[in-house]
Amino acid sequence: MKKTILLIAALLGAVAWTGCMKIEEELIEEKPEVVEEKATTYTVTILAERNDGPQTKGLEIGDGTEATTTLLKSVWKDGEEVKVYLGTDCIGTLTATPDGENAHLATLSGTVTTASIVANTTTLTLLTPRESWDYTGQVGTLLLTDDAANSIEKKYHYTMASPVLVTGASDDGAGHWTITTEDAHFTNQQSIYRLSFRYNDGVSKTAITTKSVTISSAGGHLIQSQAVDGSSLVEGSVSATLGTASADPFFVALRNGDETNEEVLTFTVVDGTGVTYRGTKTIPAEYKPNGTFVSVKNASLTERLDIPLSATTVDTVL
């Protein structure tokens, strides 16, 4: 009898163990498979447009010279680079081919790589001229022909098209993907200021041979840098240091977070001998929107620090 009871208990234990193993096997079999989205490279062709005026980029002289022009024309340059963003991620670079008859129009072409394209849902942001959105380090030059490395046209004149809807995504059957979008209309993201200065001592006005200028705003919303979505915003004064001190007009790109209210700008100017001048200029509200060409030639500065800046540094203080 005792042996029978032990045998039954053993059989029940085996059944229970087998049952547990079966349940575990079923759980393992039912565990969902983790599938990673695979990034796909898409060929992109986009028709892009810029127009003259406050909404868009203008870095070709419309009339006269840089010192006298009242118009900056908005045109595409051959080979100009355009960064493509999905959210805050840069997913590719396109290059511009201007229209042969109208340089306000261009075809942007290249590739982007992402795993998240959905036709008629996904929107892209297009930004020129570079991925880093930063207004620091300016040198006062306007055009590529003035300075191919550090001019406003090369580094500081940002234009953006957003949102640009993806209208189609297709595979040719051989693994080559193409996306199509609606046309992209680029808008100017900052104003261009043409500057030159005079010292006004209350009796006469004398041209200042400017070496550098630091510009600050009473409202405190001049932008030094930001991310493409407007985050990571750094506000503060913006400076330009000329390669050679000059009394001639020069140029600075300014993006203002306040595009509505009248603004008082303060200019702190250092001349070629190290003498510092300071003064203000009121910018009327109608000239505040980003995308405006603002000429502030021969602005009068009324404060002067007569002691030149020393070229000798002091490492210790007694």
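About the criteria used
Residues numbered from 1 in each chain as written. Predicted model: local features only at pLDDT ≥ 70, side-chain atom pairs only at ≥ 80, totals over all residues. Heavy atoms only, no water. Core = buried A, V, L, I, M, F, W, Y, C linked by side-chain atoms within 4.5 Å. Buried < 20%, exposed > 50% of the residue type's maximum accessible area, 1.4 Å probe, protein only. Contact = heavy atoms within 4.5 Å. Phe/Tyr/Trp six-rings, centres within 6.5 Å; stacked < 30°, edge-to-face > 60°. Helix = DSSP H or I, 4+ residues; strand = E, 2+ residues; numbered from the N terminus. 1 Å grid on protein atoms, 1.4 Å probe; cavity = no way out; pocket = protein on both sides within 12 Å on 5 of 7 lines; lining within 4 Å. Points joined across faces, edges and corners; volume = space filled by probe spheres on them. Nonpolar A, V, L, I, M, F, W, Y, C, P; charged D, E, K, R; others polar. Salt bridge = Lys/Arg side-chain N within 4 Å of Asp/Glu carboxyl O. Pairing = 2+ DSSP bridges.

1. Let's talk about the nonpolar core
Next up, step 1: With 24 residues, the main nonpolar core has Leu195, Phe197, Ile215 and Phe267 as its most contacted residues.
Next up, step 2: Contact partners of Ile215, with chain neighbours within four places excluded, come to Leu195, Leu222, Ser237, Val238, Val252, Leu254, Leu265, Thr266 and Phe267.
Next up, step 3: The next biggest cluster of nonpolar side chains, apart from the first, holds 23 residues, and it includes Trp76, Leu108, Leu124 and Val164.

2. Observations regarding the packing of aromatic side chains
A ring pair, where both rings are aromatic, is described by two values, the distance of the centres and the angle of the planes.
Next up, step 1: Counting across every chain of the model gives seven aromatic pairs.
Next up, step 2: Between Phe197 and Phe250, the ring centres sit 6.3 Å apart and the planes meet at 50°, which makes this aromatic pair tilted. Of this pair, Phe197 sits in strand S12 (residues 191-200) while Phe250 sits in strand S18 (residues 250-254), and the two are 53 residues apart along the sequence. In this pair, the class of Phe197 matches that of Phe250, namely buried.
Next up, step 3: One aromatic cluster in this structure is built from Trp133, Tyr135 and Tyr158.

3. A few points about the layout of surface pockets
Taking a probe equal in size to a water molecule and rolling it over the atoms shows the remaining empty space.
Next up, step 1: Within this model, the largest pocket holds a volume of roughly 240 Å³.
Next up, step 2: What lines the largest pocket is a set of 12 residues, and nearest its centre among them are Glu80, Glu81, Pro129, Glu153 and Lys154.
Next up, step 3: Elements with a contribution of two residues or more to the lining of the largest pocket: strand S4 (81-86) and helix H2 (152-156).
Next up, step 4: It is H2 that provides the largest number of residues to the lining of the largest pocket, a total of three residues.
Next up, step 5: Here the residues of the lining of the largest pocket sort into two nonpolar, no polar and 10 charged.

4. What about the pattern of salt bridges?
Next up, step 1: Within this structure, the stated rule accounts for four salt bridges.
Next up, step 2: The partner of Glu81 in a salt bridge is Lys83, and the shortest N-O contact between them spans 3.8 Å.
Next up, step 3: Since its relative accessible area comes to 13%, Lys83 is described here as buried.
Next up, step 4: Put simply, Lys288 and Glu263 hold a salt bridge, and the shortest N to O gap is 3.8 Å. Highlighted residues: Lys288 in the loop between strand S20 (276-283) and strand S21 (293-301) and Glu263 in strand S19 (residues 263-271), separated in sequence by 25 residues.
Next up, step 5: For Glu263, a relative accessible area of 3% gives the class buried.
Next up, step 6: Because the salt bridges share partners, they merge into one network encompassing Asp258, Glu263 and Lys288.

5. Considerations on the pairing of strand S14 (residues 210-217)
Next up, step 1: Pairing geometry for S14 and strand S17 (residues 238-246), over five bridges, is antiparallel. Across the sheet, Ser212 pairs through a bridge with Thr241, a residue of S17.
Next up, step 2: Bridge count between S14 and S19: seven bridges; the pairing is antiparallel. Counterpart to Thr210 in the pairing with S19 is Asp271.

6. Quick notes on unusual backbone geometry
Next up, step 1: Residues Thr128 and Pro129 are joined by a peptide bond in cis, for which omega reads 0°.
Next up, step 2: Along the chain, the position of Pro129 falls in the loop between strand S7 (123-128) and H2.
Next up, step 3: Cis geometry is found at the peptide bond from Ser162 to Pro163, where omega equals -5°.
Next up, step 4: Here Pro163 shows up in strand S8 (residues 159-171).
Next up, step 5: Non-glycine residue Asn120 carries a positive phi angle of around 65°.
Next up, step 6: Here Asn120 lies in the loop between strand S6 (105-114) and S7.

7. Quick notes on the environment of Leu127
Next up, step 1: As for its position among the elements, Leu127 is in strand S7.
Next up, step 2: The exposure class of Leu127 is buried, given its relative accessible area of 0%.
Next up, step 3: For the pair Leu127 and Ser162, spaced 35 residues apart in the sequence, the C-alpha separation amounts to 8.7 Å.
Next up, step 4: Beyond its immediate chain neighbours, meaning those up to four positions away, Leu127 contacts Val82, Lys83, Tyr85, Trp133, Tyr158, Thr159, Met160 and Val228.

8. Looking at the pairing of S18
Next up, step 1: For S18, the buried fraction is high: five of the five residues fall into the buried class.
Next up, step 2: Burial along S18 is two-sided: the residues Phe250, Val252 and Leu254 and Phe251 and Ala253 are all buried.
Next up, step 3: Here five bridges tie S12 to S18, and the two strands are oriented antiparallel to one another. The residue bridging Arg194 from the neighbouring strand is Phe251, located in S18.

9. Focus: empty space enclosed by the protein
Next up, step 1: This structure, assessed with the given rule, holds one cavity of 30 Å³ or more.
Next up, step 2: Empty space within the largest cavity amounts to approximately 50 Å³.
Next up, step 3: Around the largest cavity, the lining residues are Ser191, Tyr193, Leu222, Leu254, Asn256, Lys288 and Asn290.
Next up, step 4: Partitioning the lining of the largest cavity into residue classes produces three nonpolar, three polar and one charged.

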